[in-house]
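# Secondary and tertiary structure notes
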Amino acid sequence: MYFMIKMMKKTILAFSFILAGFCLFAENNSFGIPDSAEIRRDIRETWLEAPLTTVRNNKPELLNNIAGQKFQVRLEESDSTFNIFVSPEMMMNVDFMSDTGKITKKQEVYPGDATGSWVLIRNKKDGKPIRIRYYFVPNSDVYIQFSPYNRTSVCDLVIFGNYAVKNVPTGIPFDRFYTASFAEVQRITKINVPWNFVTCDSEMYHSVHQMAAVIREKLPGIVYHDTAMIDENNKTVDFATGKEIQLEEDSDKQPLSSAGFLKWIADGLVEPIAGGKLKRYPLLCQTVEYKDIGYQGVLSNQYSLSFALDFVRNLSSAVLSVNTGMVYKFNESGVDVTIEPFATGLTDNGIVNTVTFIKDCGYNIDVLRSLLYVLANTEPGTIYFGAIRETDYRSPEVKVFNKNVVLMPYFETNGLFNCYVFINGTEMTLSDLLSRFRKDFVYLTRVRSNDTFFPE
């Protein structure tokens, strides 16, 4: 009897350890990423704290966490640092050439920036740690990292080269992150890090995909025209004068200007609700006042320098007015995007202070990808009408809003960030837009997407 009781106690104790282990795993993986915390505990002395000469003698290791997920531990060196990666297994299609042609096979890979990867970066001269980085989303340009600071540590949250937070004190010794799970990282930083900037739900973008698919289907029937717009009477008119534009009899394409294309999208949203299109004239209301002094002020008396900006402000306010049944002017509607989620930016010249928003000017286009990533997380299902402010490089003091764009950010089912971009009746990639207007500014206004979208 004594031995039976003793055996039962041992069984219960063993079961308790197993249960505790699985509970730990469940906590570590509550955010859906592979976690290497227990692996890092086991390799701390031999890899993480050992001198470079010792680490160089270590061969890459394949180790499993408690859930059976495989990780590779390896060393990579640069001129000034050596990096220790603990990276999860991924399966990738790889093409091989054979006598019969190309053969595609799945192969195990361990990317250093895969979701769930952890990396320790150390100085090559003295072996001291510089930072620890956690990759926790499919976009490898989004990560959180920790650096030693006196006896504790500070953290950065980086989103496509821009810092949402930088050097935020954690109050935690740096070496704690040698073995901290990602769940622990979130608990430690939950007050000081804006996790809502990077927490996506890919199911929140159905109407964005729906609208983009409809726009894409209609693009072959649209041709660019400098001034064309469809007015409230369903006539193609000059957007500035309202004078009807005579269409070519043998053409089956609808001419639209840069602004006219955005109105065509807005009409597709409001017509099912209002039973008609938006009126042209209220969309031209000026929203920017220039000082009489200065070159811009003098030019504004002769030309409309803010046309595209005025247009998106008025257009988004008009869509909001139809959706709510209340009349909003642009400065009452809250459609302007004015958030400032970034403190600094990372450029080829190092870290620089970044003023992300400038009144009546918008955002430097360099910050647009980071900004849209944050907006897609914090305002899911919203699309953005944009006005691009270009500089006349023959006369750099001349800056004009004369192009419009629609931006539709979303997350794919695998968590990757992406954005539909339509401009002048065509589609382009976000990368192409950033390259084309890399020295310019963009002003954004928000519009809710809708499955009920029927542009003519």
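Residues numbered from 1 in each chain as written. Predicted model: local features only at pLDDT ≥ 70, side-chain atom pairs only at ≥ 80, totals over all residues. Heavy atoms only, no water.

## A few points about the side chain of Ser 87
Note the following rule: Helix and strand assignments follow DSSP, with helices taken as H or I runs no shorter than four residues and strands as E runs no shorter than two, numbered in order from the N terminus. Pairing of N or O atoms within 3.5 Å defines a polar contact, subject to two protein rules: one partner must be a possible hydrogen donor and the other a possible acceptor, and residues neighboring in sequence count only if both atoms are side-chain atoms. The criterion used for residue contact is that any of the two residues' heavy atoms lie within 4.5 Å.
Structurally, Ser 87 is set in strand 3 (residues 81-88). Among the polar contacts listed, one links the side chain of Ser 87 to the backbone oxygen of Pro 111, at a separation of 3.3 Å. Contacts of Ser 87, omitting those with residues within four sequence positions, involve Lys 70, Phe 71, Gln 72, Arg 74, Tyr 110, Pro 111, Gly 112 and Ser 117.

## What to know about the packing of aromatic side chains
The line we're drawing: The rule is short: rings of Phe, Tyr and Trp, with Trp giving its six-membered ring, pair when the centres are within 6.5 Å, and they are stacked under 30 degrees, edge-to-face over 60, tilted in between. Each residue's exposure class comes from its accessible area (1.4 Å probe, protein chains only) as a fraction of the maximum for that residue type: buried when under 20%, exposed when over 50%, partly exposed otherwise.
Taken as a whole and judged by the stated rule, the model has 20 aromatic pairs. Geometrically, the ring pair formed by Tyr 373 and Phe 411 is edge-to-face, given 5.2 Å between the ring centres and 85° between the ring planes. Placement of Tyr 373 in helix 10 (residues 368-378) and of Phe 411 in strand 19 (residues 399-411) is noted, with a sequence separation of 38 residues between them. For the pair shown, Tyr 373 and Phe 411 are each scored as buried.

## Section: the packing of helix 5 (residues 206-218) against helix 6 (residues 258-274)
Using the following cut-off: Helix axes are fitted to C-alpha atoms over the stretch in contact, other axes to C-alpha atoms as well, and angles between N-to-C directions run from 0 to 180 degrees. These descriptions rest on fixed angle ranges, namely under 35 degrees for roughly parallel, over 145 for roughly antiparallel, 65 to 115 for roughly perpendicular, and the rest for oblique. A crossing counts as left-handed when the near helix is turned anticlockwise from the far one by less than a right angle, and as right-handed when that turn is clockwise. Charged residues are taken to be Asp, Glu, Lys and Arg, nonpolar residues to be Ala, Val, Leu, Ile, Met, Phe, Trp, Tyr, Cys and Pro, and polar residues to be all remaining types, Gly included.
Close contact between helix 5 and helix 6 brings their axes to 12 Å; oriented N to C, the two are set at 125°. One element, helix 5, and the other, helix 6, form an angle in the oblique class. At the point where helix 5 passes helix 6, the crossing takes the right-handed sense. Between helix 5 and helix 6, the residues in contact are Met 211, Ile 215 and Lys 218 and Phe 261, Trp 264, Ile 265 and Leu 269, respectively. Here the contact of helix 5 with helix 6 is composed, by residue class, of six nonpolar, no polar and one charged.

## Points about the pairing of strand 19
When a strand is regular, its side chains alternate between the sheet's two faces. Which entries qualify depends on this criterion: Any two strands are treated as partners once DSSP identifies two or more bridges connecting them.
Counted residue by residue, strand 19 has eleven buried out of 13 residues, so it is predominantly covered. Inspection of the sheet shows strand 18 (residues 382-391) paired to strand 19 by eight bridges, in the antiparallel sense. Looking at strand 19, one finds that Tyr 384 is bridged to Leu 407. Bridge analysis of strand 19 against strand 20 (residues 417-423) gives six bridges, and the strand direction is antiparallel.

## Overview of helix 8 (residues 307-324)
The test is simple: The span one expects for a helix is its residue count, reduced by one, times 1.5 Å.
If you check helix 8, its first and last C-alpha atoms are 26 Å apart, about what 18 residues at 1.5 Å a residue would give, namely 26 Å. For helix 8, the tally of buried residues reaches 14 of 18 residues, placing the bulk of the element in the interior. Of the residues trailing helix 8, Gly 325 is marked for its positive phi of about 75°.

## What about helix 10?
Across the eleven residues of helix 10, nine count as buried, placing the element largely inside the fold. Buried residues of helix 10: Leu 368, Ser 370, Leu 371, Leu 372, Tyr 373, Val 374, Leu 375, Ala 376 and Asn 377, and no others.

## Describing unusual backbone geometry
For Phe 160, which is not a glycine, the phi torsion comes out positive at approximately 50°. When you line up the elements, Phe 160 lands in the loop between strand 9 (152-159) and strand 10 (162-169). In this structure, Asn 424 is a non-glycine residue whose phi angle is positive, near 55°. Among the secondary structure elements, Asn 424 is positioned in the loop between strand 20 and strand 21 (426-428). For Asn 424, a relative accessible area of 15% puts it in the buried group.

## As for the pattern of salt bridges
Here is the rule we go by: What makes a salt bridge here is a side-chain nitrogen of Lys or Arg within 4 Å of a carboxyl oxygen of Asp or Glu, nothing more.
With the rule as written, the count across this model stands at 18 salt bridges. In this structure, Lys 277 engages Glu 456 in a salt bridge whose closest nitrogen and oxygen atoms are separated by 3.0 Å. Within this pair, whereas Lys 277 is found in the loop between helix 6 and helix 7 (295-300), its partner Glu 456 is found in the segment after strand 22 (441-448), the two being separated by 179 residues in sequence. Given the relative accessible area of 12%, Lys 277 is considered buried. Close ionic contact of Arg 313 with Asp 360 constitutes a salt bridge, the shortest N to O distance being 2.9 Å. In this pair, Arg 313 sits in helix 8 while Asp 360 sits in the loop between strand 16 (350-353) and strand 17 (363-364), placing the two residues 47 residues apart along the sequence. Residue classification places Asp 360 among the partly exposed residues on the basis of a relative accessible area of 23%. Here the residues in one salt-bridge network are Arg 44, Glu 49 and Asp 175, joined through shared partners.

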